[in-house]
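So you can see what is in the structure, the chains are spelled out below.
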Amino acid sequence: MSSETYKDKISILGVEIQRGESKVLDFDVAKLHTRNSIKVPIFIERAKKDGPVVLLLGGVHGDEINGVEIVRRIIRNKINKPTRGTIISIPVFNIFGFLNLSRKFPDGRDLNRVFPGSAKGSLASQFAFQFKKDIAPHVDYVLDFHSGGGHRVNVAQTRCMLDDEKTLELAKVFNAPFIVQSKTISKSLRETFKELGKTALLFEGGKSMLYDEKAIQYGVQGARNVLRFLKMKSFKALPRDPSIIIAKSKWLRASHSGMFHVHIENGTWVTKKTVMGVITDPFGSFERKVYAPFDCYVFCVNIAPIVNRGDAVFHVSLELK
Ligand SMILES: [Zn+2]
């Protein structure tokens, strides 16, 4: 199942790791102006037996802590110790952003928009470049754990191009409640892995700066399902309904500015003309209902208390597969 034969030793960041070995490496990224060097810990677990190499990534965006918690739980519960193949875990990929609880790098860049990076580019770009050169080539599969940005709450979902059969298969195996068609964004980590011929699956759950227990559990279980499928570790299968596959989606936008009150439950099916929310002024004189324009699943809800006209408020399904 591995794209290349399982090597007796692999060399990552100048360190050799043999079959059967565990290592924690420090990805030495940069020195800050305060002379502190910033290191990203990387946990590598290699089984003696042949198998694929899986990368578990959290915190590509520094404020999306659900992903960090998912990878932390995987390590804490030793799910990252395979009986076949290799598991590389990076719980906090953008450690700069995590320290500041910010989505971005200290240079203001979004790490997920600077790939494949360059040796002489911005700080984020150099980091991306090093990662692509030293770590990405070893990897066969990537699980990249994210959360909704700002006030947007994502129901646990994986995202992929539905016409990419290998990734779609992995998404079905992962078995989050939803699989959402999503184009690969230019200069993203996902695009880089795709170009290298690797299979990268993106997970979204909860929102930034908030633990979402349900999403975290789906993320950890999804990783187990994938490792089981790749025969890297034996877990009991957990019978669950297949993921709902959303082939086309649409953002419903606020028709007015005002205080926004959500009336539906995220992740549910709503029928046309259901009152999904209400937008009001603060004075008791204005109140407008937000109706479902058609039957749909809601898989992301903006819980901002105040919205402006045109803000995206509900992400809903247009077409199921
Ligand atoms: Zn993200």
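Keep in mind the model is a prediction, meaning the values are calculated, not measured.

1. Re the overall build of the chain
Tallying secondary structure elements over the chain gives six helices and 18 strands in all. Compactness check: the chain gives a C-alpha radius of gyration of 21 Å against a globular reference of 20 Å for 321 residues, within 12% of the reference. Its C-alpha atoms put the chain at 70 × 50 × 30 Å along the principal axes. Sorting the 321 residues of the chain into buried and exposed places 52% on the buried side. In the chain, 67% of the contacts between residues at least 6 apart in sequence involve partners at least 24 apart. Taken as a whole, the chain presents about 15300 Å² of accessible surface, with 50% of it coming from carbon and sulfur.

2. What to know about the packing of helix 4 (residues 165–174) against helix 6 (residues 213–229)
Running from N to C, helix 4 and helix 6 cross one another at 120°; their axes reach a closest spacing of 8 Å. Between helix 4 and helix 6, the angle is such that the two are oblique. Within the contact between the two elements, helix 4 uses Glu 169, Leu 170, Val 173 and Phe 174 and helix 6 uses Tyr 218, Gly 219, Gly 222, Ala 223, Asn 225, Val 226 and Phe 229. Classifying every residue of the contact of helix 4 with helix 6 gives seven nonpolar, three polar and one charged.

3. Some thoughts on the coordination of the zinc ion
The coordination sphere of the zinc ion, as far as protein atoms go, consists of His 61 (ND1), Glu 64 (OE), Glu 64 (OE) and His 146 (ND1), spread over 2.0 to 2.5 Å. Taken together, the four donor atoms surrounding the zinc ion define angles of 57 to 151° at the centre, an arrangement classified as irregular. The sequence pattern formed by the donor residues of the zinc ion is H-x2-E-x81-H. You can call Glu 64 buried: its relative accessible area is 2%.

4. Some points on the domain arrangement of the chain
Size of an interface, as often reported, equals the accessible area lost when the parts are brought together. Structurally, the chain comprises domain 1 (10–229) and domain 2 (247–320). Its C-alpha centre places domain 1 at a distance of 31 Å from the equivalent point of domain 2. Contacts between domain 1 and domain 2 engage 11 residues on the former and 12 residues on the latter. Here domain 1 is connected to domain 2 by zero salt bridges.

The rules behind these values
Residues numbered from 1 in each chain as written. Predicted model: local features only at pLDDT ≥ 70, side-chain atom pairs only at ≥ 80, totals over all residues. Heavy atoms only, no water. Helix = DSSP H or I, 4+ residues; strand = E, 2+ residues; numbered from the N terminus. Rg over C-alpha atoms; globule rule 2.2 N^0.38 Å. Buried < 20%, exposed > 50% of the residue type's maximum accessible area, 1.4 Å probe, protein only. Contact = heavy atoms within 4.5 Å. Areas by Shrake-Rupley, 256 points an atom, 1.4 Å probe, with all protein chains shown as cover. Axes fitted to C-alpha atoms, helices over the stretch in contact; angles between N-to-C directions. Parallel < 35°, antiparallel > 145°, perpendicular 65-115°, else oblique. Nonpolar A, V, L, I, M, F, W, Y, C, P; charged D, E, K, R; others polar. Donors = N, O, S within 2.8 Å, 3.2 Å for Na, K, Ca; no water. Tetrahedral: all angles 85-135°; square planar, octahedral: opposite > 155°, others 65-115°. Domains from an automatic or database assignment. Salt bridge = Lys/Arg side-chain N within 4 Å of Asp/Glu carboxyl O.

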